[in-house]
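# Structural features, examined
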Amino acid sequence: MENFAAGTAAPETEPVAIEPEVPGRLLPVAELHLHIEGTLQPELIFALAERNGIVLPYSGLDELREKYEFTDLQSFLDLYYANMAVLQTEEDFADMTYAYLERAAAAGVRHAEIMMDPQAHLSRGIPLKTCVNGVASVLATSEEDFGISTLLIAAFLRDLPEESALEVLGELLAMNAPIGAIGLDSAEVGNPPSKFERLYDKAREAGLRLTAHAGEEGPASYIIEALDILGVERIDHGIRCMDDPDLVERLVDARIPLTVCPLSNVRLRAVDTLADHPLPAMLAAGLNVSVNSDDPAYFGGYVDDNFAQLETVFELSDFDKARLAANSIHSSFASEERKAELLEELNGGEVMH
Ligand code: ADE
Ligand code: ZN
C-alpha cells in the first residue's frame, strides 16, 4: 500500500484548502479526457442498432462484452470504431451525449471537455453536421440540465494523413462548429505529433485551445514533440514522461497538465495492474496530473470509479484527492470565472452531494 503524500515534499501545485471528508460527498471535478464515442454502453449500442435497423455481428450483450478484453491500444480501437456503426442520426449522437452527462453528474463531474472523432464518422458517410449538431444540441443545455459546463474538442485521427485533418478542421471552422479546442488521438506509435504541425498552426490561428494524446503507448519524445512542435497546452495521458527525468522536471516547472486515465492504462496494458500505475510517483514528483475516464464504457468505469479503485489500491488521502480535483479544474479550458466557482465548491464553500 502506498500513500501518495507519504515521505515526499509537498509537490509544487496550487494550494488547496482541505475540508474534512464528508462521508458520501463527491469531489467536484473537471473531466478533461473523455471520448464521447467511448461512452457508448453495450445496452445503448444494441438499442441504437435496433432503432437504425443495423444487424450487429454479436448475438447479444454477453457476446459483445466478451470482446472487451484488450491486448493493446489497437485492439481496443478496432472495436471502438466498429461499434460507431450504430451512430447514424443526430438523435443517436444526442442520446449518447445525454447518457454520458447524466452518469458524469452522478460521478461529481462539474465541467467536461469532451472529444469527438469527426473523421471516424465522415469515413462512414455520416455528415459532419449530424455528429456535431447531435452532440452540441445536448451540450448547449448541459449546465442547466446537469450542472456540468462543457467544451467540445474536435479530435483528429493521427493514423490518417494530416491533409485529412486539415480539410475537416477547415469544414468545422467554415460551419462555425461550436468547438473550443482540438486534440489528437487514435494509434499513437508510428504517428508522431510532428506529423500534425500545420494542423496545430491552423487551429492556433483560429483561436482554438490545443491538446494532444502523447506518451500513452508512444515514447516520452512524443510528449516533447507535442510541446515543442505542436505547442500544446495540455498532454492527454503522458504517463511515459516517467521514462525521462529531464522531461519530468520540465513538465513540473511549466505546470503542464497531464490528463491521466488509470483504468484505461490498465485495460490497454500500458501498465500491468493498477498497483503498477505511475500516478503516485507522478503526484510525488509534483506533476500536474488529473484523473479521467477516457472511454468509460470500455474500460470499466467513470471518473468516480477511477477514484474509487485508486483509493483501494493506493490509500489516497483526502489531500491527494483534493489535489487531483483542483488540478483538473485549474487545467481546464473553462473561463476563469467558472474555475473560481468550482474551486470554491471544492474548498468547501458549498456542500457537495
Ligand atoms: N481514442 C479513443 N480512446 C483513445 C485512447 N485511449 N488513445 C488513443 N485514441 C483513442
Ligand atoms: Zn484518450
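Worth saying up front: this structure is predicted, and the values here are computed from it rather than measured.

Every protein donor of the zinc ion (ligand 2) is accounted for by H33 (NE2), H35 (NE2), H213 (NE2) and D294 (OD), and the metal-donor separations fall at 2.0 to 2.3 Å. Seen from the zinc ion (ligand 2), its four donor atoms lie at angles of 84 to 175°, and the figure they make is irregular.

Counting buried positions over the nine residues of strand β3 (residues 149-157) gives eight, a clear majority of the element. Strand direction decides the pairing type here: β3 and strand β4 (residues 181-185), joined by five bridges, are parallel. Across the sheet, the residue bridging to F156 is L184, located in β4. Read from β3 through helix α8 (residues 162-174) to β4, the crossover connection turns out right-handed.

Let us now look at unusual backbone geometry. Of note in this structure, N176 is not a glycine but carries a positive phi near 55°. Mapped onto the elements of the fold, N176 is located in the loop between α8 and β4. What makes N176 exposed here is its relative accessible area of 68%. Despite not being glycine, D294 shows a phi value in the positive range, around 65°. With a relative accessible area of 2%, D294 lands in the buried category.

Here we come to the site of ligand 1. In the vicinity of ligand 1, the contacting residues are H35, L73, F76, L77, Y80, D185, S186, H213, E216, H237, D294 and D295. E216 places a polar side-chain atom, nitrogen or oxygen, 2.8 Å from a nitrogen atom of ligand 1. Interatomic distance of 2.7 Å between a side-chain N/O atom of D294 and a nitrogen atom of ligand 1. For ligand 1, whose accessible area on its own is 260 Å², the fraction buried by protein is 100%. Considering every element that reaches the shell around ligand 1, the biggest residue donor is helix α3 (residues 73-83), with four residues. Taken together, the residues that form the shell around ligand 1 break down as four nonpolar, four polar and four charged.

Averaged over the protein chain, the pLDDT score is 93; the fraction of residues at 70 or greater is 92%. Scored below 50 in pLDDT, residues 1-13 shows 32 contacts in the model against residues more than four places distant or in partner chains.

What counts and what doesn't
- Residues numbered from 1 in each chain as written.
- Chains lettered and ligands numbered in written order.
- Predicted model: local features only at pLDDT ≥ 70, side-chain atom pairs only at ≥ 80, totals over all residues.
- Heavy atoms only, no water.
- Donors = N, O, S within 2.8 Å, 3.2 Å for Na, K, Ca; no water.
- Tetrahedral: all angles 85-135°; square planar, octahedral: opposite > 155°, others 65-115°.
- Buried < 20%, exposed > 50% of the residue type's maximum accessible area, 1.4 Å probe, protein only.
- Helix = DSSP H or I, 4+ residues; strand = E, 2+ residues; numbered from the N terminus.
- Pairing = 2+ DSSP bridges.
- Right-handed = clockwise from strand over helix to strand, strands pointing away.
- Near = heavy atom within 4 Å.
- Polar contact = N/O pair within 3.5 Å; in protein donor to acceptor, adjacent residues only side chain to side chain.
- Areas by Shrake-Rupley, 256 points an atom, 1.4 Å probe, with all protein chains shown as cover.
- Nonpolar A, V, L, I, M, F, W, Y, C, P; charged D, E, K, R; others polar.
- pLDDT = per-residue confidence, 0-100.
- Contact = heavy atoms within 4.5 Å.

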